[in-house]
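Here is what each chain is made of, one letter per residue.
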Amino acid sequence: MLTPDAPAIEVADLHKRYGAFVAVDGVSFTVPTGEVFGLVGSNGAGKTTTLECLLGLREPDAGTVRVFGLDPARQGAEVRLRVGAQLQAAQLPPRLRVGEALVWFASFYPHTVDVDELLARWGLTDKRSTAFGDLSGGQRQRLFLALALLHSPELVCFDELTTGLDPRARRDTWRQVESLRDEGRTVLVVTHDMEEAERLCDRVAMLDGGRVVALGRPADLVEEAGVRSLEDVFLARTGPGSTTPPASVEMEVR
Ligand code: ATP
């Protein structure tokens, strides 16, 4: 059932374990359409697991996950038509050429954008005949970003968007994310790069040990903590000796 005015993302009291290990422990946040939202935090904080639940790749143990009002665990096909994702450490067959990858992925969708335009947008026009295995790290990353946008998704999810990119490519990629927001898309950025989160995100949920330890606009979180940067907030709120606020803060949504 479609809910026209549903937020892009609603996560309420999400729990996910791997065996006895609790990876996500009561995470809640809401992302209105058109926002660039960051899931930030330390390594192993539960960011990717939360994203995988949003994409219907993992089923929550408890709690609610909705994407445009749809349940990804039960309505995965509908969700994936409206969502594009660039996943961490993704791979393609090394001999598959860039153009072939785009044609192959395009076959999954009823409608796609113009592939020539997409290649030009991501600076890959002259790599169309290059095999995946011969691309540089940055070119691979841009190919995955192009693949995520092939079906013009309303929500785009990026996991470790700029890992491995040089400073210029990183800034170019940030500009591309801003242009996605300008086009009215919702963007979810999963990162432990606090500079990236501060620069790009309208709001962030900061995770540590599977729990939300801060939620809000980066500038507000910095001001509330009386520090200079989101990285300072991260250092104060996460890891051993952190000053994690009580659980009530975790439920704050706008
Ligand atoms: P990173 O920034 O390092 O990618 P993350 O915040 O994305 O970390 P997750 O990948 O969600 O964290 O992992 C959360 C925790 O769950 C980690 O401790 C990880 O080792 C564990 N974990 C993830 N996947 C599995 C799995 N399939 N089986 C067992 N444990 C897992």
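Conventions we followed
- Residues numbered from 1 in each chain as written.
- Predicted model: local features only at pLDDT ≥ 70, side-chain atom pairs only at ≥ 80, totals over all residues.
- Heavy atoms only, no water.
- Core = buried A, V, L, I, M, F, W, Y, C linked by side-chain atoms within 4.5 Å.
- Buried < 20%, exposed > 50% of the residue type's maximum accessible area, 1.4 Å probe, protein only.
- Helix = DSSP H or I, 4+ residues; strand = E, 2+ residues; numbered from the N terminus.
- Contact = heavy atoms within 4.5 Å.
- 1 Å grid on protein atoms, 1.4 Å probe; cavity = no way out; pocket = protein on both sides within 12 Å on 5 of 7 lines; lining within 4 Å.
- Points joined across faces, edges and corners; volume = space filled by probe spheres on them.
- Nonpolar A, V, L, I, M, F, W, Y, C, P; charged D, E, K, R; others polar.
- Phe/Tyr/Trp six-rings, centres within 6.5 Å; stacked < 30°, edge-to-face > 60°.
- Lys NZ or Arg CZ within 6 Å of the ring centre and 35° of its normal.
- Near = heavy atom within 4 Å.
- Polar contact = N/O pair within 3.5 Å; in protein donor to acceptor, adjacent residues only side chain to side chain.
- Areas by Shrake-Rupley, 256 points an atom, 1.4 Å probe, with all protein chains shown as cover.
- Disulfide = S-S within 2.5 Å.
- Pairing = 2+ DSSP bridges.
- Axes fitted to C-alpha atoms, helices over the stretch in contact; angles between N-to-C directions.

A. Highlighting the nonpolar core. Counting residues in each nonpolar core, the largest one holds 42 residues, and the members touching the most others are Leu92, Leu102, Leu143, Phe158, Met206 and Leu230. Element by element, the count of residues in this core is highest for helix 5 (residues 137–148), at five residues. Apart from the residues lying within four places of it in its own chain, the contact partners of Phe158 are Gln86, Leu145, Val177, Leu180, Val187, Leu188, Val189 and Val190. Listed in part, the 30 residues of the second largest apolar core include Val31, Phe37, Leu39 and Leu55.

B. Region of interest: the layout of surface pockets. By volume, the largest pocket is sized at about 480 Å³. Along the walls of the largest pocket sit 20 residues, with Arg80, Ala85, Leu87, Phe105 and Tyr109 positioned nearest its centre. Contributions of two or more residues to the lining of the largest pocket are made by helix 2 (76–82), strand 5 (83–86) and helix 5. Here the lining of the largest pocket gets four residues from one element, more than from any other, and that element is strand 5. Residue classes in the lining of the largest pocket are distributed as 15 nonpolar, four polar and one charged. Considered as a void within the structure, the second largest pocket measures approximately 210 Å³ in volume. Around the second largest pocket, the lining is made up of 15 residues, and of these Ala89, Ala90, Gly137, Gln141 and Thr163 lie nearest the centre.

C. Broad picture of the packing of aromatic side chains. Considering all chains together, one arrives at five aromatic pairs under this definition. On the numbers, 5.4 Å between centres and 85 degrees between planes, the contact of Trp104 with Phe105 is edge-to-face. Between Phe105 and Phe108, the ring centres sit 5.6 Å apart and the planes meet at 50 degrees, which makes this aromatic pair tilted. The class for Phe108 is partly exposed, based on a relative accessible area of 47%. Here the aromatic residues Trp104, Phe105 and Phe108 are joined through ring pairs into a cluster of three or more. A cation over an aromatic ring shows up here: Arg82 above the ring of Phe68, its NZ or CZ 4.3 Å from the ring centre.

D. Just the site of the ligand, in detail. In the vicinity of the ligand lie 15 residues, with Gly44, Gly46, Lys47, Thr48 and Thr49 positioned nearest. A distance of 2.7 Å is found between an oxygen atom of the ligand and a backbone nitrogen or oxygen belonging to Gly44. Here Thr49 contributes a side-chain N or O atom positioned 2.6 Å from an oxygen atom of the ligand. In the complex, the protein chains occlude 64% of the 640 Å² of accessible area that the ligand would expose alone.

E. Molecular detail of the state of the cysteines. What the rule picks out here adds up to zero disulfides. Between Cys53, a cysteine without a disulfide, and Cys157, which holds the nearest cysteine sulfur, the sulfur-to-sulfur distance is 12 Å. The cysteine Cys157 is free of any disulfide, with Cys201 supplying the nearest cysteine sulfur at 12 Å.

F. Structural detail: the sheet that holds strand 9 (residues 211–216). If you trace the six strands from one edge of the open sheet to the other, you get 5-6-7-3-8-9, paired in mixed fashion. Only two strands of the sheet have a single neighbouring strand rather than two, namely strand 5 and strand 9. Across the sheet, the axes of successive neighbouring strands diverge by a mean angle of 15 degrees, strand direction being ignored. This element, helix 5, spans strand 5 and strand 6 (155–159) of the sheet and lies at about 170 degrees to strand 5. Sitting on the sheet, helix 8 (residues 218–225) is in contact with strand 8 (203–208) and strand 9, with an inclination near 105 degrees to strand 9.

By themselves these figures say nothing about function.
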